[in-house]
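Observations on the model geometry
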Amino acid sequence: MNIILLGPPGAGKGTQAQRLMERHGMRQLSTGDMLRAAVKAQTPVGLQAKAVMERGELVSDEIVSALIGDGLDAMGPDTGAIFDGYPRTEAQAGSLDGILAARGRSLDHVIELAVDEDALVERITGRYTCANCGKGYHDKFEQPRVAGTCDKCGSTEFKRRPDDNEETVRTRMAEYRAKTAPILPIYESRGIISRVDGMADMDAVTAAIEGLIAD
Ligand code: ADP
Ligand code: AMP
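Every residue gets a number counted from 1 within its own chain, in the order that chain's sequence is written. The lettering of chains begins at A and the numbering of ligands begins at 1, in the order of writing. Given that this is a predicted model, residues contribute local features only at a pLDDT of at least 70 and side-chain atom pairs are listed and counted only at 80 or more, while totals for whole chains, interfaces and linings are drawn from all residues. To get the side-chain values, all heavy atoms of the structure are used, and hydrogens and water are removed first.

On to the site of ligand 2. A single heavy atom is enough: if one lies within 4 Å of a molecule or strand, its residue is considered near that molecule or strand. If you check the shell around ligand 2, you find 16 residues, and the closest are Thr31, Glu57, Gly85, Gln92 and Arg161. Whenever two N or O atoms come within 3.5 Å, that pair is a polar contact, provided that in protein one can donate a hydrogen and the other can accept it, and provided that, for residues adjacent in sequence, both atoms are side-chain atoms. Residue Val59 places a main-chain N or O atom 3.0 Å away from a nitrogen atom belonging to ligand 2. The contact in question runs from a nitrogen atom of ligand 2 to an N or O atom on the backbone of Gly85, over 2.9 Å. Per-residue accessibility takes into account occlusion by the displayed protein chains alone, with areas from the Shrake-Rupley method and a 1.4 Å probe. Out of a free accessible area of 480 Å², ligand 2 has 96% covered by protein chains. When residues in the shell around ligand 2 are grouped by element, the largest group, four residues, is from helix H2 (residues 31-41). Each helix is a run of DSSP H or I of at least 4 residues and each strand a run of E of at least 2, with the numbering of both proceeding from the N terminus.

A word on the site of ligand 1. Around ligand 1, a shell composed of 18 residues is seen, among which Lys13, Gly14, Thr15, Arg127 and Ala200 lie nearest. One nitrogen or oxygen atom from the main chain of Gly14 is found 2.8 Å from an oxygen atom belonging to ligand 1. Separating a nitrogen atom of ligand 1 from a backbone N or O atom of Ala200 is a distance of 2.8 Å. Here ligand 1 loses 91% of its free accessible area of 560 Å² to cover by the protein chains. The set of elements that each furnish at least two residues to the shell around ligand 1 consists of helix H1 (13-24) and strand E6 (136-138). Ranked by the residues each element gives to the shell around ligand 1, the list is headed by H1, at three residues. Split into classes, the residues belonging to the shell around ligand 1 amount to seven nonpolar, six polar and five charged. All amino acids are sorted into three groups, where Ala, Val, Leu, Ile, Met, Phe, Trp, Tyr, Cys and Pro are nonpolar, Asp, Glu, Lys and Arg are charged, and the leftover types, Gly among them, are polar.

In short, shape yes, function no, at least from these values alone.
What follows is the structure in structure tokens.
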């Protein structure tokens, strides 16, 4: 199964992708995570992407589509993919069709996480992750069971993204509205998109997604 999780920054795509991976053995392909790894490793792609990401703008379609192709090639052919944060433009949506077809894959579901924009700044500025295993947390909405210790791996190191500040979030939302929201009709016309209430609590969102993919 191949699924796209679509929604503005902070909608809950990464949170739900982690849960799908745990439940179904699927693989999350997050272009944001891949780009952050490239920035950290100071690869040529990372050096090119760093400033763009810090501003909250979009990295070039060619770069992210190449990352997705490589990510799929590194997976077993029978492992399902969860696209998180890709595609983000009409050009990327077109590229994804070709990338999937070339590998004998096709899209099963596009799931839109619908959220009120007002809630997103609070979600993003409170977001942090385990520095060791990457599990996501939130200052208010998802705290570790034992304060300061990761539920999943026991690490006591956590990190926050440099672009998770209010100013950058506003740019990222504007990019979403201008460039990403216009791809929704592409998937609507194919009849493969479903909308989930991303304002519901995390478990309710997970249950709604499970219901959709079980159909
Ligand atoms: P995205 O990957 O779409 O940018 P995340 O999954 O990282 O978003 O979620 C952003 C933040 O909001 C995280 O800190 C996460 O814990 C929290 N979060 C995710 N889903 C919900 C929800 N349904 N209700 C409240 N907080 C949520
Ligand atoms: P994310 O982790 O999805 O919030 O992405 C973080 C940042 O990485 C974005 O603000 C963009 O600068 C860049 N990025 C991630 N995915 C894409 C993509 N599909 N297209 C262009 N830029 C991307």
